[in-house]
Amino acid sequence: MRSEDVRTKRFNALKFDGCYDVQEVDQFLDQAAATLEAFESGRPEEAQIAGAHEVEAVKFTSRVYERGYSAQEVDVFLEELADAIARYKRSEPATDAQGA
């Protein structure tokens with residue numbers, strides 16, 4: 001997954017139970033795209049999302065009978081996003097934190 005994939009991702013907007021707040025999802029995806037872009041350009045220190053655990057832990061406000069994104073679609077995409085960030089983190093050069 002690349003930053004462009006996140007920037008161009010579109011979800012079905014519904015007015016039923018099981019929808020997420022559109023603005024909250026869009027704001028998080030902006031952060032995710034910036035994070036992937038930082039990894040892609042070799043600047044992991046500029047990543048706005050520290051790791052896959054942040055993607056897995058994100059919670060959005062549920063919308064009932066208001067326009068919102070399909071929770072199922074968003075959740076599937078977030079799983080893919082968490083995997084992508086984890087792959088980038090694994091390929092990131094290790095920092096010598098042991099004072100060697």
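Quick caveat, the model's predicted, so the values are computed rather than measured.

> Give a detailed account of the nonpolar core, specifying residues and quantitative values.
Among soluble globular proteins, nonpolar side chains are generally buried collectively. In this structure, V6, V25, V55, V74 and L81 are the most contacted members of the largest nonpolar core, which totals 24 residues. Looking at this core, the elements with two or more residues in it are α2 (22–40), α3 (52–57) and α4 (71–91). Leaving out residues up to four positions away in the same chain, V74 has contacts with F11, Y20, V25, F60 and Y69.

> Any chance you could break down the sheet that holds strand β3 (residues 62–63) for me, citing the residues and the numbers?
Pairing is antiparallel in the open sheet, where four strands are placed in the order β1-β4-β2-β3. This sheet does not close on itself; its edge strands, each paired only once, are β1 (13–14) and β3. Where strand β2 (residues 19–20) and β3 come together, two bridges link them in antiparallel fashion. Each residue of the ladder has a partner; that of C19, found in β3, is R63. Contacts from α4 reach β2 and β4 (68–70), with the element oriented near 65° to β4.

> Tell me about the packing of aromatic side chains, and please be specific about residues and values.
Counted under the stated rule, the structure contains five aromatic pairs. Pairing F28 with F60 gives two aromatic rings, centres 6.0 Å apart and planes at 75°, and the pair type is edge-to-face. Taken together, the positions of F28 in helix α2 and F60 in the loop between α3 and β3 put the pair 32 residues apart, joining distant regions of the chain. Each member of the pair F28 and F60 is classed as buried.

Definitions and cut-offs
Residues numbered from 1 in each chain as written. Predicted model: local features only at pLDDT ≥ 70, side-chain atom pairs only at ≥ 80, totals over all residues. Heavy atoms only, no water. Core = buried A, V, L, I, M, F, W, Y, C linked by side-chain atoms within 4.5 Å. Buried < 20%, exposed > 50% of the residue type's maximum accessible area, 1.4 Å probe, protein only. Helix = DSSP H or I, 4+ residues; strand = E, 2+ residues; numbered from the N terminus. Contact = heavy atoms within 4.5 Å. Pairing = 2+ DSSP bridges. Axes fitted to C-alpha atoms, helices over the stretch in contact; angles between N-to-C directions. Phe/Tyr/Trp six-rings, centres within 6.5 Å; stacked < 30°, edge-to-face > 60°.

Keep in mind these numbers describe shape, not what the thing actually does.
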